[in-house]
Amino acid sequence: MSIMKLLSQVCDVYGVADLQIDKDRLIENYGEDILRYPYAIVIGHRMREDIIEKIPESYNDDTIAQEYLDEYYNSHQRVLEISRKIEKEVNHEGYNAIILDVGGNSDKLNLKRSFSNKASAHIAGVGWIGKNNLLTTKEYGPRLTWATILTDAPLSDYAGSPMDSQCSDCKMCYTACPGKAIKNISNPEESYSPEKCGEYIMARRDEGHPLACGMCLYICPYGNKKSMAIRASKS
């Protein structure tokens, strides 16, 4: 199928979610309009490794912190450009498509709240939601930016299945988090506190630093060879 071929050419990570798998939860969280179409194409786009690798230095260097913050938003634009290419191909094949941007929004849908692209990525089986509440893949860890395209294209043969968490007893993000926003428990709905994360980042901002952190994204052994080696040595 030409849609899948294009996905393989322009995406770092991609998958297809059959939204009926988690129908009730999706409707409860976002409303019935999230099921306007039966499938979701999931797009994962890598952030720049050279910038991610410098995140530990950003706490003492505002130039590096700003560089990371800029890349965070630049990656949003790149994944949106990729989404538009996929949307065009879906339409060319005679099917409908609705892009949900990085923020989980679309003016074509009436949702209760912004959609979490982590939800579609998890259903598609391209990764799992870690203790840091980030969608994590075996290939690149959480170092990706995500977008979702809802569609009625017949993609059932390509739909994946949710993946179990691979975090196991790893506690690197818990240990590294400067805002103490992560607990060492397996359920991401309980392990991550967006309030504490936000409080830490805003406190940094009030001190005159860029609005950036990213340590849990950097330290995850999936995507960080140094962390993976440390984790392997302890197993």
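Quick notes on the rules
Residues numbered from 1 in each chain as written. Predicted model: local features only at pLDDT ≥ 70, side-chain atom pairs only at ≥ 80, totals over all residues. Heavy atoms only, no water. 1 Å grid on protein atoms, 1.4 Å probe; cavity = no way out; pocket = protein on both sides within 12 Å on 5 of 7 lines; lining within 4 Å. Points joined across faces, edges and corners; volume = space filled by probe spheres on them. Buried < 20%, exposed > 50% of the residue type's maximum accessible area, 1.4 Å probe, protein only. Helix = DSSP H or I, 4+ residues; strand = E, 2+ residues; numbered from the N terminus. Contact = heavy atoms within 4.5 Å. Arc of directions from axis to C-beta. Pairing = 2+ DSSP bridges. Axes fitted to C-alpha atoms, helices over the stretch in contact; angles between N-to-C directions. Core = buried A, V, L, I, M, F, W, Y, C linked by side-chain atoms within 4.5 Å.

(A) Representation of empty space enclosed by the protein in the model. Inspection of every chain in the model, using the stated rule, returns 1 cavity of 30 Å³ or more. Quantified by volume, the largest cavity comes out at close to 110 Å³. Lining the largest cavity are Gly130, Lys131, Asn132, Thr136, Cys167, Cys170, Met172, Cys173, Cys220, Pro221, Tyr222 and Arg231.

(B) Molecular detail of helix α5 (residues 117-124). Counting buried positions over the 8 residues of α5 gives 6, a clear majority of the element. Every buried residue belonging to α5 is among Asn117, Ala119, Ser120, Ala121, Ile123 and Ala124, and all of these are buried. Contact partners of the buried residues in α5: β1 (13-18), α2 (23-30), β2 (39-46), β3 (97-100), β5 (135-136) and β6 (144-151). Once α5 finishes, Gly125 follows within two positions and takes phi at roughly 80°, a positive value.

(C) Quick peek at helix α1 (residues 2-10). Taken together, the buried positions of α1 are Ile3, Met4, Leu6 and Leu7. Angularly, the buried residues of α1 cover 160° about the axis, an arc narrow enough to put them on a single face. Those residues of α1 that are exposed and aimed more than 90 degrees away from the buried face are Lys5 and Gln9.

(D) The sheet that holds β6, seen in detail. As summarised here, the arrangement of the 4 strands in space is β1-β2-β6-β3, forming an open sheet in which the pairing is antiparallel. In this open sheet, the two edge strands, each paired with only one partner strand, are β1 and β3. Shown here is a sheet whose adjacent strand axes are inclined to one another by a mean of 20°, direction ignored. Here β3 runs beside β6; their pairing, made up of 4 bridges, is antiparallel. Note on β6: the bridge partner recorded for Ile98 is Leu150. Across the face of the sheet, helix α4 (residues 62-92) comes into contact with β2, β3 and β6 while running at roughly 145° to β2.

(E) Fine view of the nonpolar core. Residues Leu19, Leu26, Ile34, Phe115, Val126, Trp146 and Leu150 are the most contacted members of the largest nonpolar core, which totals 24 residues. Elements that contribute at least two residues to this core include exactly β1, α2, β2, β3, α5 and β6. If you tally residues by element for this core, the top one is α5, at 4 residues. Excluding anything up to four places from it in sequence, Trp146 contacts Val13, Val42, Ile43, Gly44, Val79, Val102, Asn117, Ala121, Val126, Leu135 and Thr137.

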